[in-house]
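Summary of the model geometry
Chain residues, written in single-letter form:
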Amino acid sequence: MREDGLSAALSDPVRLAAVAATKLLDTGPEPEFDSLAQVAATVTGCARAFITLVDDQRSFWKSCIEVDAASIGVRQNPVSESFCYFLVGLAGERFTVEDAAADPRTRDHPSVGPMKIGAWAGYPILGPDGEVLGSMCVIDENPRTWQPDELAVLETMARSAGNEINLRTSLTASQEALAASTELARSLQDSLLPPILRPVPGLDTAASYLPAAGGTEVVGDFYDLFRAQGVRGGAR
């Protein structure tokens, strides 16, 4: 446990690195995520649905259905005031509460009253190696019994959100690796380019190089001008 009484898993460096790698913290709403959250809200009949990313200090709302949070600065709350931290400590399992004010796990939670949480259900959004990045969750203002088909849809939406995030993360990593590889190749190619051609008295010189492979300036050949012994006024 942390000093604040929350799960130590919230501060796990590997998990935090995976959350940061999504590059979604402090970004605005996107239809890909809002659509998933809207489906979860519609199927469960809940007014509010969230897709969150959870670091060690806060729960950031990438999507928040029926919540007035126009600016990025208000699309979040401290992690201690979010139910999402329960999911981080459960290592991939769902967390559901049918009567938040009566359930011993949540009755003393600071957000039950202010956020009008009657019932709460959420599934973790997982990173490529199983790290808990955040949650797909819904909130009902009144206590209720969660039905199996509702939870099945919520689980599917959480998995879909995770797939979208992980695909983006993988694409970003590939693009960064390609950029690094291209820069290295450029440096190596530049090192193979010849120096300024040596002046040859009585001759105007120039050089041209056409690589065999498209997009490649140098493939390792060396060329220059030099005087050939025994060839009068010659250059090769």
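See the structure shown above.
As a starting point, this report considers the structure included with it. (Residues numbered from 1 in each chain as written. Predicted model: local features only at pLDDT ≥ 70, side-chain atom pairs only at ≥ 80, totals over all residues. Heavy atoms only, no water.)

Considering the overall build of the chain
Scanning the chain for helices and strands turns up four helices and six strands. Counting from the amino terminus, the chain carries its helices and strands in the arrangement α-α-β-β-β-α-β-β-β-α. Out of the 236 residues in the chain, the part that is buried amounts to 39%. A fraction of 59% describes how many contacts in the chain between residues 6 or more apart in sequence connect residues 24 or more apart. Accessible area of the chain: about 13,200 Å², with a carbon and sulfur share of 55%. (Helix = DSSP H or I, 4+ residues; strand = E, 2+ residues; numbered from the N terminus. Buried < 20%, exposed > 50% of the residue type's maximum accessible area, 1.4 Å probe, protein only. Contact = heavy atoms within 4.5 Å. Areas by Shrake-Rupley, 256 points an atom, 1.4 Å probe, with all protein chains shown as cover.)

With respect to the pairing of strand S5 (residues 119–126)
Counting buried positions along S5 gives seven out of eight residues, so the element sits mostly inside the fold. One ladder, built from three bridges, connects strand S4 (residues 95–97) with S5; its direction is antiparallel. Each residue of the ladder has a partner; that of Thr 96, found in S5, is Ala 121. Counting the residues that bridge the hairpin from S5 to strand S6 (residues 132–140) gives five residues, and of these Gly 130 lies at a positive phi of roughly 85°. (Pairing = 2+ DSSP bridges.)

With respect to the nonpolar core
Counting 27 residues, the largest nonpolar core has Ile 51, Leu 133, Met 136, Val 138, Trp 146, Leu 154 and Ile 165 as its most contacted members. Secondary-structure elements contributing two or more residues to this core are helix H1 (13–21), helix H2 (31–44), strand S1 (48–54), S5, S6 and helix H4 (148–192). At six residues, H4 tops the list of elements feeding residues into this core. Residues within four places of Met 136 in sequence aside, it is in contact with Leu 36, Ala 37, Ala 40, Phe 50, Ile 51, Ala 121, Gly 122, Tyr 123, Ile 125, Leu 154, Met 157 and Ala 158. (Core = buried A, V, L, I, M, F, W, Y, C linked by side-chain atoms within 4.5 Å.)

A closer look at the pairing of S1
Within S1, seven of the seven residues are buried, which leaves the element mostly enclosed by the surrounding structure. Of the two faces of S1, the one carrying Arg 48, Phe 50, Thr 52 and Val 54 and the one carrying Ala 49, Ile 51 and Leu 53 are both buried. Summarising the sheet, S1 and S6 pair through six bridges and their orientation is antiparallel. Looking at the pairing, Leu 53 lines up with Gly 134 of S6. Where S1 lies against strand S2 (residues 58–65), six bridges are found, and the strand directions are antiparallel. Across the sheet, Ile 51 pairs through a bridge with Ser 63, a residue of S2. Between the end of S1 and the start of S2, which pair antiparallel, lie three residues.

Considering H1
Among all positions of H1, only Arg 15, Ala 18 and Val 19 are buried. For H1, the angular spread of buried residues about the axis comes to 100°, placing them on one side. Structural note: H1 exposes Pro 13 and Val 14 on the side pointing more than 90 degrees away from its buried face. Buried residues belonging to H1 abut S1, helix H3 (84–89) and S6. Once H1 ends, the next one or two residues include Lys 23, with phi positive near 60°. (Arc of directions from axis to C-beta.)

Concerning the packing of aromatic side chains
Two measures describe an aromatic ring pair: the distance that separates the ring centres and the angle between the ring planes. Counting across every chain of the model gives six aromatic pairs. Ring centres of Phe 83 and Phe 86 lie 5.7 Å apart, and the angle between their planes is 85°; on these two criteria the pair is classed as edge-to-face. This pair shows no difference in class: Phe 83 is buried, exactly as Phe 86 is. Ring-pair connections join several aromatic residues into one group, and the members of that group are Phe 83, Tyr 85, Phe 86, Phe 95 and Trp 120. (Phe/Tyr/Trp six-rings, centres within 6.5 Å; stacked < 30°, edge-to-face > 60°.)

Re the sheet that holds S2
On the basis of which strands lie adjacent, the open sheet formed by six strands has the order S3-S2-S1-S6-S5-S4 and antiparallel pairing. Edge positions in the sheet fall to strand S3 (76–78) and S4, since each has one partner strand and no second. The sheet shows a mean angle of 20° between the axes of neighbouring strands, direction not considered. Those strands touched by H1 are S1 and S6, and its axis lies near 75° from that of S6. Docked against the sheet, H2 engages S1, S2 and S6, running at close to 75° with respect to S2. (Axes fitted to C-alpha atoms, helices over the stretch in contact; angles between N-to-C directions.)

Describing the state of the cysteines
Disulfide: a covalent bond connecting the sulfur atoms of a pair of cysteines. A full pass over the atoms with the stated rule returns zero disulfides. Looking at Cys 46, it has no disulfide partner, and the nearest cysteine sulfur is the one in Cys 137, 9.7 Å off. (Disulfide = S-S within 2.5 Å.)

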